[in-house]
Amino acid sequence: MKLAVVGCSELVTLAGPARARTGAELRELAIIRNGAMLVHDGRIERVGPRSEIAIDKDAEVIDASGRVVMPGFVDAHTHPVFAGNRAGEFEQRAAGATYQEIAAAGGGIRSTVRATRAASEAEIVAAASRYAGWFLRNGTTTIEAKSGYGLSVEDELKLLRAIARIGPVRAVPTFLGAHEIPDEYRGRREEYVELVIHEMLPRAAPLAKFCDVFCEPRVFPVEDARRVLRAARGRGLGLRMHADQLENGGGAMLAAELGAATADHLEHTDREGIAALARAGVQPVLLAGSVYALGLRQYPDARAMIDAGLAVVLATDFNPGSSPTPSIPMILSLAATQMKMTTAESITAATINAAYSVGLGGEIGSLERGKRADFVIHDCADYRELAYFFGVEPAKACYVDGVERFRR
Ligand code: NIG
Ligand code: FE
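Here the structure is a predicted model, which means the values were calculated and not measured.

Calculation rules
- Residues numbered from 1 in each chain as written.
- Chains lettered and ligands numbered in written order.
- Predicted model: local features only at pLDDT ≥ 70, side-chain atom pairs only at ≥ 80, totals over all residues.
- Heavy atoms only, no water.
- Disulfide = S-S within 2.5 Å.
- Patch = residues over 30% accessible without salt bridge, like charges linked within 9 Å, V, L, I, M, F, W, Y side chains within 5 Å.
- Areas by Shrake-Rupley, 256 points an atom, 1.4 Å probe, with all protein chains shown as cover.
- Salt bridge = Lys/Arg side-chain N within 4 Å of Asp/Glu carboxyl O.
- Helix = DSSP H or I, 4+ residues; strand = E, 2+ residues; numbered from the N terminus.
- Buried < 20%, exposed > 50% of the residue type's maximum accessible area, 1.4 Å probe, protein only.
- Near = heavy atom within 4 Å.
- Polar contact = N/O pair within 3.5 Å; in protein donor to acceptor, adjacent residues only side chain to side chain.
- Nonpolar A, V, L, I, M, F, W, Y, C, P; charged D, E, K, R; others polar.
- Phe/Tyr/Trp six-rings, centres within 6.5 Å; stacked < 30°, edge-to-face > 60°.
- Lys NZ or Arg CZ within 6 Å of the ring centre and 35° of its normal.
- Axes fitted to C-alpha atoms, helices over the stretch in contact; angles between N-to-C directions.
- Left-handed = near helix turned anticlockwise from the far one by under 90°.
- Contact = heavy atoms within 4.5 Å.
- Donors = N, O, S within 2.8 Å, 3.2 Å for Na, K, Ca; no water.
- Right-handed = clockwise from strand over helix to strand, strands pointing away.
- Pairing = 2+ DSSP bridges.
- Parallel < 35°, antiparallel > 145°, perpendicular 65-115°, else oblique.
- Domains from an automatic or database assignment.
- Buried area = accessible area lost by both parts, 1.4 Å probe.

Our next topic: the state of the cysteines. Disulfide: a covalent bond formed between the sulfur atoms of two cysteine residues. Tallied over the entire structure, the rule returns zero disulfides. Counting only cysteine sulfurs, C211 is the nearest neighbor of C215, a cysteine outside any disulfide, at a range of 12 Å. Left unpaired, C380 is separated from the closest cysteine sulfur, that of C8, by 12 Å.

The following block contains the structure:
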């Protein structure tokens with residue numbers, strides 16, 4: 001099965017060194033004007049200017065008609081398996097309540113846990129499939145997908161099985177049993193941590209690639225996070241962390257100590273934390289959507305992180321509470337206006353750098369010979385429009401492994 005993609009005003013390849021990009025490299029998108037790409041059996045075979053690409057007679061020709069073609073976005077931090085939503089809490093926050101107040105009163109993550117436990121696996125898969133459609137409309141072809149709204153052995157396994165059934169976007173599964181302390185363990189945090197380590201992890205590990213912990217002084221402080229993550233590593237999982245989101249509780253320092261793949265959020269990380277992440281080669285995953293949707297002001301210090309040589313990643317944090325958006329283009333807009341990142345830097349952060357952060361840098365995240373043909377035709381002629389226009393769903397067509405999965 002051969003495809004020839006032609007008529008690309010800009011073929012944004014992200015070709016470059018076979019590793020996550022840092023510093024000035026973040027601005028190098030390796031764009032080919034009037035580019036063309038040949039795909040064979042789901043893999044990229046040739047990429048170059050149209051004038052230099054010979055198109056096989058038996059190839060199906062896809063004409064981008066003067067639009068931008070680029071790798072599908074890789075959304076490296078999402079929580080897509082849950083039931084219900086929290087539109088009511090969103091309204092309460094508009095009326096002045098804070099995220100922490102709502103959580104302390106039994107709402108927040110715990111309210112989604114109650115709804116999710118009451119739902120069947122099939123209902124969770126149906127909801128996640130609807131969200132998968134939203135990701136595609138915004139140009140995302142791979143998501144990292146966390147469990148974390150089950151918080152019992154059976155319910156966490158139900159969510160990991162649901163993640164395995166998400167499609168047609170590619171989903172990388174992460175076990176997040178330490179997301180919150182469920183109702184029945186209130187006041188017994190240590191016992192819940194034991195449950196996560198001794199009962200959940202052994203059964204969840206075969207279904208997951210990474211383990212994450214919501215490391216926050218008032219939820220799982222660093223001592224708990226360290227124990228869970230060490231146990232996860234012992235079971236062969238890569239490590240990710242929700243770190244320093246609501247206050248600086250030493251999350252970034254722990255991610256550095258453990259050599260985690262990523263430290264996510266980092267709104268309250270200080271210079272020392274940033275320097276530690278740099279020394280340890282941990283990738284920061286910045287989640288501007290949650291700052292925005294919580295109505296907060298303090299965005300992570302992306303410029304300091306780029307200056308420190310960190311291989312920055314941007315993601316949506318799609319979830320029913322703090323960040324109900326599946327839109328990487330919206331995140332590109334926030335990255336420009338609130339974190340002073342250029343559109344080129346943001347696109348690198350949401351494609352090749354994100355791919356490396358989920359362990360798939362050799363397979364996806366750029367359009368290079370041998371890689372999987374996960375690409376998107378966007379309805380614009382200049383890639384910078386992706387961050388500039390906001391509130392639109394820019395994808396015209398999405399391909400995963402060379403198969404068309406969305407077209408409007
Ligand atoms: O990344 N803070 C922890 N996890 C999510 C929020 C989940 C929720 O509110 O349901 C986050 O912001
Ligand atoms: Fe999150």
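There is more to say after this.
Now for a nonpolar patch on the surface. On the surface, Y388, F389 and V392 cluster together into a nonpolar patch covering about 340 Å² of accessible area. On the secondary structure map, Y388 appears in helix α15 (residues 385–388). Classification of Y388 as exposed rests on a relative accessible area of 61%.

Attention shifts here to the site of ligand 1. Taken together, the neighbourhood of ligand 1 is formed by 15 residues, with R86, Y99, Y149, D317 and S322 sitting nearest. Between H242 and ligand 1, the recorded distance is 3.0 Å, taken from a side-chain N or O atom to an oxygen atom. Within the side chain of H265, a nitrogen or oxygen atom sits 2.9 Å from an oxygen atom of ligand 1. Residue classes in the shell around ligand 1 are distributed as four nonpolar, nine polar and two charged.

This part is about the packing of aromatic side chains. In this structure the tally under the stated criterion is eleven aromatic pairs. Through a chain of ring-to-ring contacts, the aromatic side chains of F82, Y131, W134, F135, Y149 and F318 assemble into a single cluster. When the ring centre of Y185 is taken as origin, the NZ or CZ atom of R188, which lies over that ring, is 4.6 Å away. Just above the ring of F210 sits the side chain of R240; from NZ or CZ to the centre is 4.5 Å.

As a further point, take the pattern of salt bridges. Inspection of the entire model under this criterion finds 40 salt bridges. For the salt bridge of E144 with R240, the shortest nitrogen-to-oxygen distance reads 3.5 Å. Of this pair, E144 sits in strand β6 (residues 140–146) while R240 sits in the loop between β9 (238–239) and β10 (242–243), and the two are 96 residues apart along the sequence. Accessibility assignment for this pair places E144 and R240 in one class, buried. Each of R43, R170, E363, R372, D374 and D401 takes part in salt bridges that share partners, so that together they form one network.

With that settled, the discussion passes to the packing of helix α5 (residues 153–164) against helix α6 (residues 189–204). Packed helices, taken two at a time, are described by the angle their axes make and the gap between the axes. Look at α5 against α6: their axes get within 10 Å of each other, and the N-to-C directions meet at 35°. Where α5 crosses over α6, the two elements pack in a sense that is right-handed. Seen from α5, the contacting residues are V153, E154, E156, L157 and L160; seen from α6, they are L195, E199, M200, R203 and A204. Residues belonging to the contact of α5 with α6 are distributed by class as follows: six nonpolar, no polar and four charged.

Turning our attention to the coordination of the iron ion (ligand 2). The coordination sphere of the iron ion (ligand 2) contains the protein donors H77 (NE2), H79 (NE2), H242 (NE2) and D317 (OD), at a distance range of 2.1 to 2.3 Å. Sequence positions of the donors to the iron ion (ligand 2) reduce to the motif H-x1-H-x162-H-x74-D. One end of the pair, H79, is in the loop between β5 (73–78) and α1 (87–94); the other, D317, is in the loop between β13 (313–314) and α12 (328–339), with 238 residues separating them in the sequence. Looking at H79, the relative accessible area reads 1%, which means it is buried.

Side-chain direction in a regular strand flips from residue to residue, so the side chains alternate between the two faces of the sheet. Residues Q283 and V285 line one face of strand β12 (residues 283–286) and the alternating positions P284 and L286 line the opposite face, and both faces are buried. Crossover connection from strand β11 (residues 262–265) via helix α9 (residues 271–280) to parallel β12: handedness right-handed. As paired elements, β12 and β13 share two bridges and run parallel to each other. Considered in β13, the bridge of V285 is made with V313.

A few words on the packing of helix α8 (residues 251–258) against α9. Contact geometry for α8 and α9: axes closest at 8 Å, N-to-C directions at 15°. If you check the angle between α8 and α9, you find them roughly parallel. In this structure, α8 crosses over α9, and the sense of that crossing is left-handed. On the side of α8, the interface is formed by A252, M253, A255 and A256, while α9 contributes E272, G273, A276, L277 and A280.

A word on the side chain of Q245. Along the chain, the position of Q245 falls in the loop between β10 and α8. A distance of 3.5 Å separates the side chain of Q245 from the side chain of H265, its partner in a polar contact. Sequence-distant contacts of Q245, defined by excluding residues within four places in its chain, comprise F214, E216, H265, E267, H268, S290, L294 and S322.

Along the chain, G251 turns up in helix α8. As for G251 and I102, which are separated by 149 residues in sequence, their C-alpha atoms are 23 Å apart. In contact with G251, not counting residues within four places along its chain, are C215, V222, M241, A243 and D244.

The next subject is the domain arrangement of the protein chain. Taken domain by domain, the protein chain consists of domain 1 (2–71 + 365–407) and domain 2 (74–357). Each of domain 1 and domain 2 was reduced to a C-alpha centroid, and the two centroids are 29 Å apart. Counting residues at the interface gives 34 residues for domain 1, matched by 30 residues for domain 2. Summing both sides of the interface, domain 1 and domain 2 together bury roughly 2800 Å²; the carbon and sulfur share of this comes to 65%.

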